[in-house]
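# A structural walkthrough
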Amino acid sequence: MNAENAVRERWGPYPLVLVGAILAVVFAVVADPEWGGFALGAVMTLGALLRLGGGGRLAVRRPATDAVTLAIFGLALMAGSLLLQYPWLMPRYGR
């Protein structure tokens, strides 16, 4: 294993997720908060899939723990942003 492969395995998908998250937050601030939140949730979900696929050498937690946590937060962000964009998706109780 050469040095380039060792660095790639150590960092895994984290630079890709970091750049995607920064771009999503900038888009949310500059253009549209709802779709920026959706993009951030999608980037987090993509990071969860990449982490579950074995990306990165983080030894503090198991990859499954990271993947489940990232997926839950990512899906919650995507659902929340869709509910903000389309309020008619919200359930109406008591009417």
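Residues numbered from 1 in each chain as written. Predicted model: local features only at pLDDT ≥ 70, side-chain atom pairs only at ≥ 80, totals over all residues. Heavy atoms only, no water.

A tally of helices and strands in the chain yields four helices and zero strands. Start at the N end of the chain and walk to the C end: the helices and strands fall as α-α-α-α. Counting over 95 residues, the chain shows a buried share of 22%. A separation of at least 24 residues holds for 60% of the contacts in the chain among residues at least 6 apart in sequence. Here the chain displays about 6800 Å² of accessible surface, and carbon together with sulfur accounts for 72% of that area. (Helix = DSSP H or I, 4+ residues; strand = E, 2+ residues; numbered from the N terminus. Buried < 20%, exposed > 50% of the residue type's maximum accessible area, 1.4 Å probe, protein only. Contact = heavy atoms within 4.5 Å. Areas by Shrake-Rupley, 256 points an atom, 1.4 Å probe, with all protein chains shown as cover.)

The next subject is the side chain of Thr45. Along the polypeptide, Thr45 turns up in helix 3 (residues 33-52). According to the relative accessible area criterion, Thr45 is buried, its value standing at 16%. Separated by 2.8 Å, the side chain of Thr45 and the backbone oxygen of Gly41 make a polar contact. Those residues in contact with Thr45, other than ones at most four positions away along the chain, are Ala71, Gly74, Leu75 and Met78. (Polar contact = N/O pair within 3.5 Å; in protein donor to acceptor, adjacent residues only side chain to side chain.)

The next subject is the packing of helix 3 against helix 4 (residues 63-85). Packed helices, taken two at a time, are described by the angle their axes make and the gap between the axes. Packing of helix 3 against helix 4 leaves a shortest axis separation of 7 Å and a crossing angle of 160°. One finds that helix 3 runs roughly antiparallel with respect to helix 4. Regarding helix 3 and helix 4, the two cross each other, and that crossing is left-handed. (Axes fitted to C-alpha atoms, helices over the stretch in contact; angles between N-to-C directions. Parallel < 35°, antiparallel > 145°, perpendicular 65-115°, else oblique. Left-handed = near helix turned anticlockwise from the far one by under 90°.)

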